[in-house]
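Residues per chain are reported as follows:
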Amino acid sequence: MAQELSERGAPEDGEVEQLRKEVKNPRSPISKTGKEIKDYVEAEAGKNDPLLKGIPEDKNPFKEKGGCTLS
């Protein structure tokens, strides 16, 4: 890490300012935020998610219009 910093040189003012802003951000453990995200997704999943519920046949734009018959 120290070698990388010495190779790169001194950080630019914009980088230092960004790091100062990031240090002030509150952090939460992933065990808490992961559970919150999982609960949200499970609660919202059943409403209008076509990947989980599928697309109704009458509204499916990719439904085949006609078939091909071989005789």
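Scroll up for the structure.
This structure is a prediction, so every number in the text was calculated from the model and none was measured.

A. Focus on the pattern of salt bridges. For the coordinates displayed, the defined rule picks out two salt bridges. The salt bridge partner of lysine 35 is aspartate 39, with a shortest N-O separation of 2.9 Å. One end of the pair, lysine 35, and the other, aspartate 39, are both in helix α3 (residues 30-48), four residues apart, so they sit about a helical turn from each other. When its relative accessible area of 52% is taken as the criterion, lysine 35 is described as exposed. According to the relative accessible area criterion, aspartate 39 is partly exposed, its value standing at 35%.

B. Spatial organisation of a nonpolar patch on the surface. A cluster of nonpolar side chains, contributed by Ile37, Tyr40 and Val41, occupies part of the molecular surface with about 330 Å² of accessible area. Structurally, isoleucine 37 can be placed in helix α3.

Conventions we followed
Residues numbered from 1 in each chain as written. Predicted model: local features only at pLDDT ≥ 70, side-chain atom pairs only at ≥ 80, totals over all residues. Heavy atoms only, no water. Salt bridge = Lys/Arg side-chain N within 4 Å of Asp/Glu carboxyl O. Helix = DSSP H or I, 4+ residues; strand = E, 2+ residues; numbered from the N terminus. Buried < 20%, exposed > 50% of the residue type's maximum accessible area, 1.4 Å probe, protein only. Patch = residues over 30% accessible without salt bridge, like charges linked within 9 Å, V, L, I, M, F, W, Y side chains within 5 Å. Areas by Shrake-Rupley, 256 points an atom, 1.4 Å probe, with all protein chains shown as cover.

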